[in-house]
Amino acid sequence: MDITIHASFLPQDDPDAAIAFYRDALGFEVRNDVGQDTIRWITVGPPNQPDTAIVLHPPLVDPGLTDDERKTITEMMAKGTFATIVLATKDLDGLFDKVQATGAEVIQEPTDQPYGVRDCAFRDPAGNHVRINQA
């Protein structure tokens, strides 16, 4: 069996800020931008991995959500506890410096973890936890 990750979804509540973070800070390419104003689905991904993507989506437009669920999602996004993605790079310190220079919120500077991983972490503009491991 041959299975790959094709797309993963992260919420965004400010499309332009999301593009600035994922394109300008992380270096992903914008592959698609569908919708209008603040209700946009934006597909981004690493330039050297055309078959792997992240879809940045408006989290509150699902008609199946109740008002209480929308409130909970909004509160969790504000706290940074709603969604997480783990990325990897060969140059953790260089990428950390580049992302930090854009003004992104640092959760953790590059650290050697006791379980054997060297990593750092940021919050994207929507509050998503973006953890980056040393490859």
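Our subject is the structure that appears above.
A full pass over the atoms with the stated rule returns 10 salt bridges. A salt bridge links D119 to R131; the shortest N-O distance between them is 2.8 Å. Taken as a pair, D119 in strand 7 (residues 118-123) and R131 in strand 8 (residues 129-134) lie far apart in primary sequence, 12 residues in all. Taking relative accessible area as the criterion, R131 reaches 18% and is therefore assigned buried. Counted as one network, the salt bridges with shared partners bring together D16, D33 and R40.

Here we come to a nonpolar patch on the surface. Taken together, V34, I39, W41 and V61 make up a surface patch of nonpolar side chains, about 310 Å² in accessible area. Mapped onto the elements, I39 comes out in strand 3 (residues 39-45). A relative accessible area of 37% means that I39 is categorised as partly exposed.

This part covers the environment of R123. Within the secondary structure, R123 sits in strand 7. With a relative accessible area of 18%, R123 lands in the buried category. With residues near it in sequence (within four places) discarded, R123 still touches F21, M77, A78, K79, G80, E105, I107 and N128. A distance of 2.9 Å separates a polar side-chain atom of R123 from the backbone oxygen of A78.

This part covers the sheet that holds strand 3. The mixed open sheet is built from 4 strands, whose spatial order is 1-4-3-2. Pairing within the sheet leaves two strands with one partner each, and these edge strands are strand 1 (7-11) and strand 2 (29-36). Strand-to-strand twist across the sheet, computed as the mean angle between neighbouring axes with direction ignored, equals 20°. Where helix 1 (residues 15-25) meets the sheet, it contacts strand 1, strand 2, strand 3 and strand 4 (53-57), and its direction lies at approximately 5° from that of strand 3.

Moving on, we get to empty space enclosed by the protein. Under the defined criterion, the tally for this structure stands at 1 cavity of 30 Å³ or more. Space inside the largest cavity adds up to approximately 30 Å³. Taken together, the residues that form the lining of the largest cavity break down as 4 nonpolar, 1 polar and 3 charged.

Overall, the coordinates contain 3 aromatic pairs when judged by the stated rule. Through a chain of ring-to-ring contacts, the aromatic side chains of F21, Y22 and F28 assemble into a single cluster.

Let us look at the layout of surface pockets. When its volume is computed, the largest pocket comes out at roughly 530 Å³. As for the largest pocket, its lining consists of 21 residues, of which F28, P46, Q49, L87 and A88 are closest to the centre. When residues of the lining of the largest pocket are traced back to their parent elements, those giving at least two are strand 4 and strand 5 (84-89). It is strand 5 that provides the largest number of residues to the lining of the largest pocket, a total of 5 residues. Grouping the constituent residues of the lining of the largest pocket by class yields 14 nonpolar, 6 polar and 1 charged.

The rules behind each value
- Numbering of residues starts from 1 in every chain and runs along the sequence as written.
- Note on the predicted model: pLDDT of at least 70 is required for a residue's local features to be given, and 80 or more for side-chain atom pairs to be given and counted; whole-chain, interface and lining totals, by contrast, use all residues.
- Side-chain calculation: all heavy atoms of the structure are included, whereas hydrogens and water are not.
- A pair is scored as a salt bridge if a Lys or Arg side-chain nitrogen falls within 4 Å of a carboxyl oxygen belonging to Asp or Glu.
- Under the scheme used here, helices are H or I runs from DSSP no shorter than 4 residues and strands are E runs no shorter than 2 residues, and both carry numbers assigned from the N terminus.
- Each residue's exposure class comes from its accessible area (1.4 Å probe, protein chains only) as a fraction of the maximum for that residue type: buried when under 20%, exposed when over 50%, partly exposed otherwise.
- A patch is a set of surface residues, each over 30% in relative accessible area and not in a salt bridge, joined within 9 Å for like charges and within 5 Å for the nonpolar side chains Val, Leu, Ile, Met, Phe, Trp and Tyr.
- Note on areas: these come from Shrake-Rupley sampling with a 1.4 Å probe, and a residue is covered only by the protein chains present in the view.
- Working rule for contacts: check all heavy atoms of both residues, and any pair within 4.5 Å makes them a contact.
- Under this definition, polar contacts are N or O atom pairs within 3.5 Å; protein pairs additionally need one hydrogen-donor-capable and one acceptor-capable atom, and for neighbouring residues in sequence, both atoms have to be side-chain atoms.
- Two strands are said to pair when DSSP picks up at least two bridges between them.
- What counts as an axis is a line fitted to C-alpha atoms, over the stretch in contact for a helix, and the angles between N-to-C directions run from 0 to 180 degrees.
- The rule is simple: put a 1 Å grid over the protein atoms alone, call a set of points where a 1.4 Å probe fits but cannot get out a cavity, call an open set with protein on both sides within 12 Å along at least five of seven lines a pocket, and count a residue as lining if it has an atom within 4 Å of a point.
- Grid points are joined across faces, edges and corners, and a volume is the space filled by probe spheres set on the points.
- Three classes are used: nonpolar for Ala, Val, Leu, Ile, Met, Phe, Trp, Tyr, Cys and Pro, charged for Asp, Glu, Lys and Arg, and polar for all others, with Gly counted as polar.
- A pair of Phe, Tyr and Trp rings is counted when the ring centres sit within 6.5 Å of each other, with Trp represented by its six-membered ring. The angle between the planes then sorts it: under 30 degrees is stacked, over 60 is edge-to-face, the rest tilted.

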